[in-house]
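# Observations on the three-dimensional arrangement
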There are 4 protein chains.
Amino acid sequence: MIAVVGAGKCSKKLRDMASEVGRYVAEHGGVIVCGGMGGIMEGAARGAKEAGGLTIGILPTDSRDDANEYIDIVIPTGFGEARNIMVVRSADAVVAFPGKYGTLSEMAFALHARKPVVAVNAWRLGEEIHQTQTPIEAAELAMKLAAEEPAPAEDSE
Amino acid sequence: MIAVVGAGKCSKKLRDMASEVGRYVAEHGGVIVCGGMGGIMEGAARGAKEAGGLTIGILPTDSRDDANEYIDIVIPTGFGEARNIMVVRSADAVVAFPGKYGTLSEMAFALHARKPVVAVNAWRLGEEIHQTQTPIEAAELAMKLAAEEPAPAEDSE
Amino acid sequence: MIAVVGAGKCSKKLRDMASEVGRYVAEHGGVIVCGGMGGIMEGAARGAKEAGGLTIGILPTDSRDDANEYIDIVIPTGFGEARNIMVVRSADAVVAFPGKYGTLSEMAFALHARKPVVAVNAWRLGEEIHQTQTPIEAAELAMKLAAEEPAPAEDSE
Amino acid sequence: MIAVVGAGKCSKKLRDMASEVGRYVAEHGGVIVCGGMGGIMEGAARGAKEAGGLTIGILPTDSRDDANEYIDIVIPTGFGEARNIMVVRSADAVVAFPGKYGTLSEMAFALHARKPVVAVNAWRLGEEIHQTQTPIEAAELAMKLAAEEPAPAEDSE
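Calculation criteria
Residue positions within a chain follow its written sequence, with the count starting from 1. Throughout, the order in which chains and ligands are written sets their labels, letters from A for the former and numbers from 1 for the latter. Per-residue local features of the predicted model are confined to residues with pLDDT of at least 70, and side-chain atom pairs are confined, for both listing and counting, to 80 or more; whole-chain, interface and lining totals are unaffected and use all residues. Note: side-chain values were computed over all heavy atoms of the structure, leaving out hydrogens and water. Counting from the N terminus, the helices are the DSSP runs of H or I reaching at least four residues and the strands are the DSSP runs of E reaching at least two. The size measure is the radius of gyration over C-alpha atoms, and the globule rule it meets is 2.2 Å times the number of residues to the 0.38 power. We call a residue buried when its accessible area falls under 20% of the maximum for its residue type, exposed when it is over 50%, and partly exposed in between, using a 1.4 Å probe and counting protein chains only. In this count, Lys and Arg are taken as positive residues and Asp and Glu as negative ones, while His and the chain termini are left out. Positions of charges follow a simple convention, taking NZ of Lys, CZ of Arg, CG of Asp or CD of Glu. Between any two strands, at least two bridges found by DSSP are needed for them to pair. Lines are fitted to the C-alpha atoms to define the axes, a helix being fitted only along its stretch in contact, and any angle between axes, read from their N-to-C directions, falls within 0 to 180 degrees. Any pair of residues with heavy atoms lying within 4.5 Å of one another is described as a contacting pair. Any carboxyl oxygen of Asp or Glu within 4 Å of a side-chain nitrogen of Lys or Arg constitutes a salt bridge here. Three classes are used, and their members are as follows: Ala, Val, Leu, Ile, Met, Phe, Trp, Tyr, Cys and Pro are nonpolar, Asp, Glu, Lys and Arg are charged, and the others, Gly among them, are polar. Remark: nonpolar core denotes a set of buried residues (Ala, Val, Leu, Ile, Met, Phe, Trp, Tyr, Cys) joined through side-chain atoms within 4.5 Å. To estimate how far a helix should extend, the number of its residues minus one is multiplied by 1.5 Å. Once two parts are joined, some of their accessible surface, as seen by a 1.4 Å probe, is lost; buried area is that loss totalled over both. Nitrogen and oxygen atoms within 3.5 Å of one another constitute a polar contact, given that in protein one can donate a hydrogen and the other can accept it, and given that sequence-neighbouring residues count only through two side-chain atoms. Least squares is the method used to superpose the copies, on C-alpha atoms of residues holding a pLDDT of at least 70 in both. Viewed with both strands pointing away, a crossover whose connecting path from the first strand over the helix to the second turns clockwise is right-handed. Between 30 and 60 degrees the pair is tilted, below 30 it is stacked and above 60 it is edge-to-face, where a pair is any two Phe, Tyr or Trp rings, Trp via its six-membered ring, whose centres lie within 6.5 Å. What makes a crossing left-handed is the near helix being turned counterclockwise from the far one by less than a right angle; a clockwise turn instead makes it right-handed. Note on angle classes: values under 35 degrees are labelled roughly parallel, values over 145 roughly antiparallel, values of 65 to 115 roughly perpendicular, and the remainder oblique.

## A few points about the overall build of chain A
In terms of helices and strands, chain A carries five helices and seven strands. Helices and strands in chain A line up, N terminus first, as β-α-β-α-β-β-α-β-α-β-β-α. Taking 15 Å as the expected radius of gyration for a compact globule of 157 residues, we find that chain A reaches 14 Å, a close match to that expectation. Across the 157 residues in chain A, those meeting the buried criterion constitute 61%. Charge separation in chain A, taken as the distance between the mean sites of 15 positive and 22 negative side-chain charges, equals 5 Å.

Here it is as structure tokens:
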């Protein structure tokens, strides 16, 4: 289960890059989990659906109508930005695209929960983030890291 | 998407009844969403899996290892009892088995969110709860109500 | 710390009854915690402020501007109805006025968390709810129960 | 209302620095809100109490017994790390001490919610963070920023 995080509004180019991640993950047997809204989230879900994969969207709102059209399983939380925590906790690895502070908080929570984070030109937060240059490279690395034994959880407040 | 709610610890008889609901829902193309733990939740998920269905567990804890073995998609929230709200919001209809106050709160939230609630010997909260006598009757009614147009959401605090 | 729960919209008579609870609690050294919005919550906070007490409002929204004017300490959660859980957990005892399913869920959570619940014509959920006829009687009993040793927490899902 | 965020375990030196912030805020009429646990949170609350101020602790756990001894108003959420969002939303300005990814996520949420963030040797996330060298300088700047008109909220996912 791979989380894809990034801006809710973004360029077509970035959305297409997110689609490449979604497609790669689906083609290799992975499930995409995301925030269920637009931009990067929509791109990733679309790519996964085009490859016949399963997609999960954990929404900030309490209305399933807010999900983008490529989400199979909609979890309408009504918890606002706090849903980012659940997106990250549900995943075995996280692929992060450029985004603002919502994305930064997802990356922070992912590191806090000791999930592997693979960035495609996203926030540079230090050596624990795996930096990559292309979506395919990111997706491949995320799938590889997701398959590894998770590190023991540890309080890193 | 049908939510099944009820006690986390229960008799074998009740767990088997929950399995019947899960099986019926899966056989008729539905997805089971539940709290992912033991008792009624485990029964419902087991029944759905035995019929080849898809199961979603929205956990109170932040560790996916706490999910019962019949859950396909684990959402470890770390939000404690507040995850009940998400279980209910994710569903088109709710089947409620006997349980204590956690179950009562799930039924209350379901009514608050204007989701149809079908009870099998659960809390009697008035006419808005559909009372049934058997799991199959409950599952059938829940699937029927889930297929209907939802009532418009309304503040009923 | 006494929680007052009930409808966000209510008659003037009920709001005045909630004020009586707030005033009694403040006069006897207690703090009022509530959902911070209108109706019963506003009545309780107003009564407490008129008696020089302290009031806490845990809002469903993420904007402090949504609090009623009698709230001293505003906690804007952005968690929607899930904030009800926090209102109840923050309290030593809960006074419940008539309300719909939001109120019912707060009562259910209070029972789940093993907090004493005193009802003034609210949902009748069994013997664990202390039924009273007047606001003063309810406030007096809530303050008394709040001062007692809490029962050990227990899983009652 | 000033939030103080930072590591739950830290050196005595850092805890004393957090105390200086708490004391300054209380002496100048502010209220301290924090996560209610140890380390930086305990330091800030202790300083505020020593100066006769009011302190609020929004706990990750559901037990008020987990609060440090300097917290006046305990909000036991049971929401785990998601409570960081509420700490930040409750504040007019945030003072950030060194911490790991929990602290980073609080800073990210503060920026997301467009709250002013004053850092004392904390994460360097760009120009929107106000960098200071001493606790007193940080507290003074936070109180000044808290008194200013808040920027309009804006989606910055």
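## Things to note about the sheet that holds strand S4 (residues 73–76) of chain D
Residues and elements named next belong to chain D. With parallel pairing, seven strands are arranged side by side in an open sheet as S4-S3-S2-S1-S5-S6-S7. The strands lining the two open edges of the sheet, one partner per strand, are S4 and strand S7 (129–132). The average angle at which neighbouring strand axes cross in this sheet is 20°, direction not considered. In the packing of helix H4 (residues 101–112) onto the sheet, the strands contacted are strand S1 (2–5), strand S5 (93–96), strand S6 (117–120) and S7, and the crossing angle to S6 comes to about 150°.

## Some details on the interface of chain A and chain D
The interface of chain A with chain D comprises 26 residues on the first partner and 27 residues on the second. Counting across the chain A and chain D interface gives zero salt bridges. Take the side of chain A that touches chain D: its biggest share by element is nine residues, from helix H4 (residues 101–112) of chain A. For the side of chain A that touches chain D, a count of residues per class yields twelve nonpolar, eight polar and six charged.

## With respect to the nonpolar core
Where a protein is soluble and globular, its nonpolar side chains tend to be buried together. Counting 116 residues, the largest nonpolar core has Phe79 of chain A, Phe79 of chain B, Phe79 of chain C together with Phe79 of chain D as its most contacted members. Sequence-distant contacts of Phe79 of chain B, that is, excluding residues within four places in its chain, are made with Phe79, Ala82, Ile85, Met86 and Arg89 of chain A, Pro60 and Met86 of chain B, Phe79 of chain C together with Gly78, Phe79 and Ala82 of chain D. If you look at the next biggest cluster of nonpolar residues, it comprises 25 residues, including Leu14, Ala18, Tyr24 and Ala48 of chain B.

## Things to note about helix H1 (residues 12–27) of chain B
Residue and element names in this part refer to chain B. Its 16 residues place the ends of H1 22 Å apart at the C-alpha level, agreeing with the 22 Å of an ideal helix rising 1.5 Å per residue. Turning to H1, its buried residues number three or more, namely Leu14, Met17, Ala18, Ser19, Val21, Gly22, Tyr24, Val25 and Ala26. On its buried side, H1 packs onto strand S1 (2–5), strand S2 (32–34), helix H2 (40–50), strand S5 (93–96), strand S6 (117–120) and helix H5 (135–147).

## Structural notes on the interface of chain B and chain A
Where the parts come together, the accessible area they lose is often given as the size of the interface. Contacts between the two partners involve 21 residues from chain B, matched on the other side by 21 residues from chain A. Buried area between chain B and chain A, summed over both chains or domains, comes out near 1600 Å², and the portion from carbon and sulfur atoms is 64%. Taken together, chain B and chain A are joined by two salt bridges. A salt bridge links Asp92 of chain B to Arg64 of chain A; the shortest N-O distance between them is 3.2 Å. Our enumeration of links across chain B and chain A arrives at eight residue pairs in polar contact (both at pLDDT 80 or more). Mapped onto the side of chain B that touches chain A, the elements with two or more residues apiece are strand S3 (55–59), strand S4 (73–76) and helix H3 (83–89) of chain B. Ranked by the residues each element gives to the side of chain B that touches chain A, the list is headed by S4 of chain B, at four residues. For the side of chain B that touches chain A, the residue count by class is 13 nonpolar, three polar and five charged.

## Points about the pattern of salt bridges
This model, assessed by the stated rule, comprises 28 salt bridges over all chains. Here the residues in one salt-bridge network are Lys12, Asp16, Arg23, Arg46 and Glu50 of chain A, joined through shared partners.

## Things to note about the relation of the copies chain B and chain A
Superposing chain B onto chain A takes a rotation of 180° combined with a translation of 0.0 Å along the rotation axis, leaving an RMSD of 0.0 Å. Taken together, the rotation and translation relating the two chain copies correspond to the operation of a two-fold axis. Of the interface residues in chain B, 100% have counterparts in chain A that sit at the interface too, so the contact is made through matching surfaces.

## Concerning the pairing of strand S3 (residues 55–59) of chain C
It is a general feature of regular strands that their side chains alternate between the two faces of the sheet. Residue and element names in this part refer to chain C. Burial analysis of S3 places five of its five residues in the buried class, which makes it a mostly covered element. Residues of S3 alternate between two faces, with Thr55, Gly57 and Leu59 on one and Ile56 and Ile58 on the opposite face, all of them buried. Relative to S3, strand S2 (residues 32–34) runs parallel, the two sharing three bridges. Paired with Cys34 across the two strands is Gly57, which belongs to S3. Handedness of the crossover joining S2 and S3 through helix H2 (residues 40–50) is recorded here as right-handed.

## Re the relation of the copies chain A and chain D
For the pair chain A and chain D, the best superposition has an RMSD of 0.0 Å and corresponds to a rotation of 180° with a translation of 0.0 Å parallel to the axis. Counting the interface residues of chain A, we find that 100% of their copies in chain D are interface residues as well, pointing to one common contact surface.

## Quick look at the packing of aromatic side chains
To describe a pair of aromatic rings, one takes the distance between the centres and the angle between the planes. Within the structure shown, the criterion is met by eight aromatic pairs over all chains. Ring geometry for Phe79 of chain A against Phe79 of chain C: centres 5.4 Å apart, planes inclined by 35°, an arrangement best described as tilted. With Phe79 of chain A in the loop between strand S4 (73–76) and helix H3 (83–89) and Phe79 of chain C in the loop between strand S4 (73–76) and helix H3 (83–89), this residue pair bridges two chains. Judged by relative accessible area, Phe79 of chain A falls into the buried class, the value being 0%. Note on Phe79 of chain A and Phe79 of chain D: the rings are 6.3 Å apart at their centroids and 15° apart in plane angle, and the pair reads as stacked.

## A short note on the environment of Lys13 of chain D
All names here are of chain D. Structurally, Lys13 is set in helix H1 (residues 12–27). Here Lys13 falls in the exposed class, since its relative accessible area comes to 64%. Sequence spacing of Lys13 and Gly43 is 30 residues, and the spatial spacing of their C-alpha atoms is 9.9 Å.

## Overview of the sheet that holds strand S5 (residues 93–96) of chain A
All names here are of chain A. Read across the sheet, seven strands follow the order S4-S3-S2-S1-S5-S6-S7 without closing on themselves; strand pairing throughout is parallel. Edge strands, defined here as strands with exactly one partner in the open sheet, are S4 and strand S7 (129–132). Neighbour-to-neighbour, the strand axes of this sheet turn through a mean angle of 20°, independent of strand direction. Where strand S3 (residues 55–59) lies against S4, four bridges are found, and the strand directions are parallel. Looking at S4, one finds that Ile58 is bridged to Ile75.

## Some points on the packing of helix H1 (residues 12–27) of chain A against helix H5 (residues 135–147) of chain A
All names here are of chain A. Here H1 crosses H5 at 35°, and the two axes come no closer than 8 Å. Where H1 crosses over H5, the two elements pack in a sense that is right-handed. Where H1 approaches H5, its residues Met17, Glu20, Val21, Tyr24 and Val25 are matched on the opposing element by Pro135, Ile136, Ala139, Glu140 and Met143. Taken together, the residues of the contact of H1 with H5 break down into eight nonpolar, no polar and two charged.

## As for the packing of H1 of chain D against helix H2 (residues 40–50) of chain D
To characterise two packed helices, one gives the angle between the axes of the helices and the distance between these axes. Residue and element names in this part refer to chain D. Closest axis-to-axis distance for the H1/H2 pair is 6 Å, and the angle between their directions is 40°. Judged by the inter-axis angle, H1 sits oblique to H2. The chirality of how H1 crosses H2 is right-handed. Contact residues: H1 offers Leu14, Arg15, Asp16, Ala18, Ser19, Gly22, Arg23 and Ala26, while H2 offers Ile40, Gly43, Ala44, Arg46, Gly47, Ala48 and Glu50. Here the residues of the contact of H1 with H2 are counted per class, giving six nonpolar, four polar and five charged.

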